[in-house]
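Geometric and topological summary
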Amino acid sequence: MGAARKLKINTGTFKHVEAELHNYWETIKEAKLIRMEIMANSRDDENTGGGRGNLPGDPTGRTVVTLLTHRRLEHLERITRAIRTVYESLDEDKKKLVQLKYWTKPQLRTWSGIARELHVEERTARRWRDKIVTAIAEQLGWW
């Protein structure tokens with residue numbers, strides 16, 4: 001996690017990064033589906049005389065749909081890459097914090113319960129969270 005900044009990350013960005021952390025596994029699934037759709041559509045382009053693809057019949061419409069799909073995929077991959085990069089740089093305790101706080105569903109633990117499970121003070125667990133979220137925001141260029 002990069003050098004700490006003096007300024008605090010703004011609340012909206014912080015909440016956005018936390019939402020991305022909560023949705024990490026769903027985002028990976030969505031990116032995989034989009035990738036599969038792009039591959040299927042590229043095969044449809046080569047399908048002369050076969051059945052109809054699911055892209056618009058006109059070339060301009062097909063180009064717009066493909067570009068938007070690619071843009072969405074790039075966005076999702078950028079987010080998952082930032083989260084993965086930061087997560088992989090963490091020590092085991094901080095990885096466990098991410099798993100307990102963001103990836104355990106349904107989330108039944110309070111901050112106090114998470115801290116107890118990590119054998120640290122609640123304030124320490126929250127400080128770790130702040131650094132993790134800030135590091136992801138920095139990776140994404142959101143802060």
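Since this is a predicted model, take the numbers as computed values, not measurements.

Here lysine 105 and proline 106 are connected by a cis peptide whose omega angle stands at -5 degrees. Its location among the elements puts proline 106 in the loop between α4 (92-103) and α5 (111-118). Of note in this structure, histidine 119 is not a glycine but carries a positive phi near 60 degrees. Structurally, histidine 119 can be placed in the loop between α5 and α6 (122-140). Here histidine 119 falls in the exposed class, since its relative accessible area comes to 74%.

This paragraph deals with the nonpolar core. Counting residues in each nonpolar core, the largest one holds 28 residues, and the members touching the most others are Leu21, Ile83, Leu97, Val98, Trp103, Ile132 and Ile136. Elements represented by at least two residues in this core include exactly α1 (11-22), α3 (59-89), α4, α5 and α6. It is α6 that provides the largest number of residues to this core, a total of eight residues. Beyond its immediate sequence surroundings of up to four residues, valine 98 is in contact with Leu21, Tyr87, Leu90, Trp103 and Ile132. Counting residues in hydrophobic clusters, the runner-up holds five residues, among them Ile34, Ile38, Leu73 and Leu76.

Viewed as axis vectors pointing N to C, α1 and α6 meet at an angle of 90 degrees, and their least axial separation amounts to 9 Å. Judged by the angle between their axes, α1 and α6 are roughly perpendicular. Contacts between α1 and α6 involve Thr13, Phe14, Val17, Glu18 and Leu21 from the former and Arg129, Asp130, Val133, Ile136 and Ala137 from the latter. Of the residues contributing to the contact of α1 with α6, the split by class is six nonpolar, one polar and three charged.

So, about the pattern of salt bridges. Per the stated rule, a full pass over the model turns up nine salt bridges. A salt bridge links glutamate 30 to arginine 72, with the nearest nitrogen and oxygen atoms 2.9 Å apart. Here arginine 72 lies in helix α3 and glutamate 30 lies in helix α2 (residues 24-45), a separation of 42 residues in the sequence. On the accessibility criterion, arginine 72 (36% relative accessible area) is partly exposed. Of the charged contacts, one joins glutamate 92 and lysine 95 as a salt bridge, the two residues approaching to 3.8 Å between their closest N and O atoms. Here the residue glutamate 92 and the residue lysine 95 both occupy positions in helix α4, the gap between them amounting to three residues, near one helical turn.

Rules used in this analysis
- Residues numbered from 1 in each chain as written.
- Predicted model: local features only at pLDDT ≥ 70, side-chain atom pairs only at ≥ 80, totals over all residues.
- Heavy atoms only, no water.
- Helix = DSSP H or I, 4+ residues; strand = E, 2+ residues; numbered from the N terminus.
- Buried < 20%, exposed > 50% of the residue type's maximum accessible area, 1.4 Å probe, protein only.
- Core = buried A, V, L, I, M, F, W, Y, C linked by side-chain atoms within 4.5 Å.
- Contact = heavy atoms within 4.5 Å.
- Axes fitted to C-alpha atoms, helices over the stretch in contact; angles between N-to-C directions.
- Parallel < 35°, antiparallel > 145°, perpendicular 65-115°, else oblique.
- Nonpolar A, V, L, I, M, F, W, Y, C, P; charged D, E, K, R; others polar.
- Salt bridge = Lys/Arg side-chain N within 4 Å of Asp/Glu carboxyl O.

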